[in-house]
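Summary of the model geometry
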Amino acid sequence: MSDAKAAKIRRLSRIGGQVRGIAQMIEDDRYCMDVLHQVQAVKAALAKVESQVLKDHAACCVAEAIASGDTEEQRAKFEELVDLMERTRR
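The model shown is predicted, which means the values in this text are computed figures rather than measured ones.

About the cut-offs
Residues numbered from 1 in each chain as written. Predicted model: local features only at pLDDT ≥ 70, side-chain atom pairs only at ≥ 80, totals over all residues. Heavy atoms only, no water. Axes fitted to C-alpha atoms, helices over the stretch in contact; angles between N-to-C directions. Helix = DSSP H or I, 4+ residues; strand = E, 2+ residues; numbered from the N terminus. Parallel < 35°, antiparallel > 145°, perpendicular 65-115°, else oblique. Left-handed = near helix turned anticlockwise from the far one by under 90°. Nonpolar A, V, L, I, M, F, W, Y, C, P; charged D, E, K, R; others polar. Patch = residues over 30% accessible without salt bridge, like charges linked within 9 Å, V, L, I, M, F, W, Y side chains within 5 Å. Areas by Shrake-Rupley, 256 points an atom, 1.4 Å probe, with all protein chains shown as cover. Salt bridge = Lys/Arg side-chain N within 4 Å of Asp/Glu carboxyl O. Core = buried A, V, L, I, M, F, W, Y, C linked by side-chain atoms within 4.5 Å. Buried < 20%, exposed > 50% of the residue type's maximum accessible area, 1.4 Å probe, protein only. Expected span 1.5 Å × (residues − 1). Contact = heavy atoms within 4.5 Å. Bend = angle between axes of the 7 residues up to and from the residue.

Structural notes on the packing of helix α1 (residues 3–27) against helix α2 (residues 32–68)
- Between α1 and α2, whose axes approach to 10 Å, the crossing angle comes to 160°. Here α2 runs roughly antiparallel to α1, going by the angle between their axes. When you trace α1 past α2, the crossing you get is left-handed.
- The residue makeup of the contact of α1 with α2, split by class, is 14 nonpolar, three polar and five charged.

Structure follows, in structure tokens:
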């Protein structure tokens with residue numbers, strides 16, 4: 001497994017632990033603001049993973065489509081990125 005892949009897996013495992021911690025906080029009737037701070041931390045951590053996966057996609061999949069010279073494949077990869085960006089703005 002590559003270092004980058006292992007780092008993403010470790011980060012996601014940590015996020016899973018944070019989510020379980022938030023569930024426990026809710027079960028324990030912890031102060032709402034404390035819960036919300038933890039939710040924000042999870043969202044920020046997920047955003048970092050998302051950003052890295054997007055960078056990897058651009059560096060690998062999109063770059064391969066460009067290098068291939070296949071205009072249909074290039075268009076498909078571009079449309080994937082546009083669709084993703086449109087969904088994240090909603």
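So that's the structure; there's more coming.
Examining a nonpolar patch on the surface
- Among the surface-exposed residues, Tyr31, Met33 and Leu36 lie close enough to one another that they form a single nonpolar patch of about 330 Å² accessible area.
- Inspection of the secondary structure assignment puts Met33 in helix α2.

Here's the deal with the nonpolar core
- Listed in full, the seven residues of the largest apolar core are Ile15, Ile22, Met25, Val35, Val42, Ala45 and Val49.
- Contributions of two or more residues to this core are made by α1 and α2.
- The element that contributes the greatest number of residues to this core is α2, accounting for four residues.

Looking at unusual backbone geometry
- One non-glycine residue with positive phi stands out, namely Asp29, at about 55°.
- Checked against the element boundaries, Asp29 lands in the loop between α1 and α2.
- Take Asp29: its relative accessible area is 69%, and that puts it in the exposed class.

Some points on α1
- Here α1 is 25 residues long and its end C-alpha atoms lie 36 Å apart, about the 36 Å a rise of 1.5 Å per residue gives.
- Residues of α1 that are buried include every one of Ala6, Lys8, Ile15, Ile22 and Met25, and no others.
- Summarising the contacts, the buried residues of α1 are in contact with α2.

Things to note about α2
- Taking 1.5 Å per residue, 37 residues should reach 54 Å; α2 reaches 52 Å between its end C-alpha atoms and fits that length.
- For α2, the principal kink sits at His57 and spans about 30°.
- Val35, Val42, Ala45, Val49, His57, Val62 and Ala65 are the residues of α2 that are buried.
- Looking at the buried residues of α2, the elements they touch are α1 and α3 (71–89).
- Trailing α2 by a residue or two, Gly69 shows a phi angle of about 75°, which is positive.

A few points about the packing of α2 against α3
- α3 packs onto α2 with a crossing angle of 160° between their chain directions and a minimal axis gap of 8 Å. Put simply, α2 runs roughly antiparallel to α3. For the pair α2 and α3, the crossing hand works out as left-handed. The residues of α3 that touch α2, namely those facing Glu50, Leu54, His57, Cys61, Val62, Ala65 and Ile66, are Glu73, Gln74, Lys77, Glu80, Leu81, Leu84, Met85 and Thr88.
- Each residue belonging to the contact of α2 with α3 can be placed in one class, and the counts come to eight nonpolar, three polar and four charged.

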